[in-house]
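Below, each chain spelled out in residue letters.
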Amino acid sequence: MHYFIFPDADTTLYSASGSKNTGLDEIIEVRKDMKTDGTNVKVSRILMKFDLSYISSSIVRGLITNPKYYLNLYDANPTEIGYSQSLYAYPVSQSWISGEGFDSDDPTTTQGASWDYKTGLNEEDWWNPESSSYSTEQGGAYYKNVYGSQSFAWGTEDMRMDVTPIVNSWLDETYPNEGFMIKRSGSIEVQNIKSGSGAEGNSDALGSFAFFSRQFLLRCAHWPAFGLVIDQESGICVWDFSI
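Since the structure is predicted, the reported quantities are computational estimates derived from the model, not experimental observations. (Residues numbered from 1 in each chain as written. Predicted model: local features only at pLDDT ≥ 70, side-chain atom pairs only at ≥ 80, totals over all residues. Heavy atoms only, no water.)

**Some details on the overall build of the protein**
Consideration 1: A tally of regular secondary structure across the protein gives 3 helices and 13 strands.
Consideration 2: Split into buried and exposed, the 243 residues of the protein put 51% on the buried side.
Consideration 3: In the protein, 71% of the contacts between residues at least 6 apart in sequence involve partners at least 24 apart.
Consideration 4: Element-wise, carbon and sulfur atoms account for 48% of the exposed surface of the protein, whose accessible area totals about 11,500 Å². (Helix = DSSP H or I, 4+ residues; strand = E, 2+ residues; numbered from the N terminus. Buried < 20%, exposed > 50% of the residue type's maximum accessible area, 1.4 Å probe, protein only. Contact = heavy atoms within 4.5 Å. Areas by Shrake-Rupley, 256 points an atom, 1.4 Å probe, with all protein chains shown as cover.)

Next comes the structure, spelled out in structure tokens:
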């Protein structure tokens, strides 16, 4: 049995350009760029959101039992991916707008979610308004105590991440459903405030993950997919394609 829910929103947040929105790009990325000496690290993070109303109502009606949830992203020729590493998903803690920008826009589109802002430059709605307005202290806002993760071997591959703890935290209303943030571990350096940490902030050249977004129109099979597996013992699977 198959159910299909079309994507609601996705975008990439780029630390290199604090106010740039790329909500209409066909590729979403978890990038890591730096100088050859390992300094001046720039990264990106993915935001994605989808509607859980059908799943929630089906659980209440007893139509879905013992579910596990998977987030699927499809490989779009990432660059210079190094040795074995991991990506993490966290529940976003604030509302945001996907926007209508492209990475190639000139001038840059600044309305919609970006590294600095939740809904756009004009609104000046910082992700973290108590951060003294340092751009590198932004990059979205998320809850850290519940997450999903997936390890990647050398090379490129699709992502299928178990995000059951996150989805359950939305369904039981522990947290509001503001979508997923996909990123490496840690954070980048904030000059004169904090050092970089983890895979995101260290000096290791790890390359850049690239996946197809909801805007990739050529092949719907490559859209980001939210997978719901019901009662694994019986082998019944329901796939909800969504962001």
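**Structural notes on the pairing of strand 7 (residues 85-91)**
Consideration 1: For strand 7, the buried fraction is high: 5 of the 7 residues fall into the buried class.
Consideration 2: Note that strand 7 and strand 8 (residues 148-152) share 5 bridges and pair antiparallel. In the strand pairing of strand 8, Tyr 88 is matched with Ser 149.
Consideration 3: Direction of pairing for strand 7 relative to strand 10 (residues 180-183): antiparallel, over a ladder of 4 bridges. Counterpart to Pro 91 in the pairing with strand 10 is Phe 180. (Pairing = 2+ DSSP bridges.)

**Quick notes on the pattern of salt bridges**
Consideration 1: Considering all chains together, one arrives at 8 salt bridges under this definition.
Consideration 2: Linking Asp 103 and Lys 20 is a salt bridge whose minimum nitrogen-to-oxygen distance equals 2.8 Å. Residue Asp 103 is located in the loop between strand 7 and strand 8, and its partner Lys 20 is located in the loop between strand 2 (9-14) and strand 3 (27-30); the two are separated by 83 residues in the primary sequence.
Consideration 3: Residue Asp 103 is classed as partly exposed on the basis of its relative accessible area of 37%.
Consideration 4: According to the relative accessible area criterion, Lys 20 is buried, its value standing at 15%.
Consideration 5: Note that Arg 31 and Asp 33 form a salt bridge whose closest N and O atoms lie 2.9 Å from each other.
Consideration 6: Each of Glu 29, Arg 31 and Asp 33 takes part in a single network of salt bridges with overlapping partners. (Salt bridge = Lys/Arg side-chain N within 4 Å of Asp/Glu carboxyl O.)

**A look at the side chain of Ser 208**
Consideration 1: Along the chain, Ser 208 turns up in the loop between helix 3 (198-201) and strand 11 (209-212).
Consideration 2: In terms of polar contacts, Ser 208 uses its side chain to reach the backbone amide nitrogen of Lys 32, at 3.4 Å.
Consideration 3: Beyond its immediate sequence surroundings of up to four residues, Ser 208 is in contact with Val 30, Arg 31, Lys 32, Asp 33, Pro 78, Thr 79, Ile 81 and Arg 184. (Polar contact = N/O pair within 3.5 Å; in protein donor to acceptor, adjacent residues only side chain to side chain.)

**Remarks on the side chain of Asp 75**
Consideration 1: With respect to the helices, strands and loops of the structure, Asp 75 is situated in the loop between strand 6 (67-73) and strand 7.
Consideration 2: At 11 Å, Arg 184 is the nearest oppositely charged side chain to Asp 75, a buried residue that forms no salt bridge.
Consideration 3: A polar contact of 3.3 Å, which involves the side chain of Asp 75, links it to the backbone nitrogen of Asn 77. (Lys, Arg positive; Asp, Glu negative; His and termini not counted.)

**Focus on the environment of Glu 80**
Consideration 1: With respect to the helices and strands, Glu 80 occurs in the loop between strand 6 and strand 7.
Consideration 2: When the C-alpha positions of Glu 80 and Phe 209 are compared, they lie 8.8 Å apart, and in sequence the two are 129 residues distant.
Consideration 3: Setting aside anything within four residues of it in sequence, one finds Glu 80 in contact with Leu 206 and Gly 207.

**Section: the nonpolar core**
Consideration 1: Core analysis: the largest hydrophobic core is formed by 27 residues, its most contacted members being Leu 87, Met 159, Val 163, Trp 170, Phe 180, Ile 182 and Phe 211.
Consideration 2: Elements that contribute at least two residues to this core include exactly strand 3, strand 5 (42-49), strand 6, strand 7, strand 9 (159-162), helix 2 (164-171), strand 10 and strand 11.
Consideration 3: In this structure Trp 170 touches Phe 50, Leu 52, Pro 91, Tyr 175, Pro 176, Asn 177, Glu 178, Gly 179 and Phe 180, once residues within four positions along its chain are discounted. (Core = buried A, V, L, I, M, F, W, Y, C linked by side-chain atoms within 4.5 Å.)

**What about the packing of aromatic side chains?**
Consideration 1: A complete count under the given rule lists 11 aromatic pairs for this structure.
Consideration 2: Ring plane angle 45° and centroid distance 5.9 Å describe the contact between Tyr 90 and Tyr 147, whose orientation is recorded as tilted. Linking Tyr 90 in strand 7 with Tyr 147 in the loop between strand 7 and strand 8, this pair joins segments that are 57 residues apart in sequence.
Consideration 3: Ring centres of Phe 209 and Phe 211 lie 6.2 Å apart, and the angle between their planes is 5°; on these two criteria the pair is classed as stacked. Both residues of the pair, Phe 209 and Phe 211, belong to the buried class.
Consideration 4: Aromatic rings pair up to connect Tyr 88, Tyr 90, Tyr 142 and Tyr 147 into one cluster.
Consideration 5: The ring of Tyr 14 carries the charged tip of Lys 20 above its face, separated from the ring centre by 5.9 Å.
Consideration 6: Sitting above the plane of the Tyr 70 ring, Arg 160 keeps its charged end 3.7 Å from the centroid. (Phe/Tyr/Trp six-rings, centres within 6.5 Å; stacked < 30°, edge-to-face > 60°. Lys NZ or Arg CZ within 6 Å of the ring centre and 35° of its normal.)

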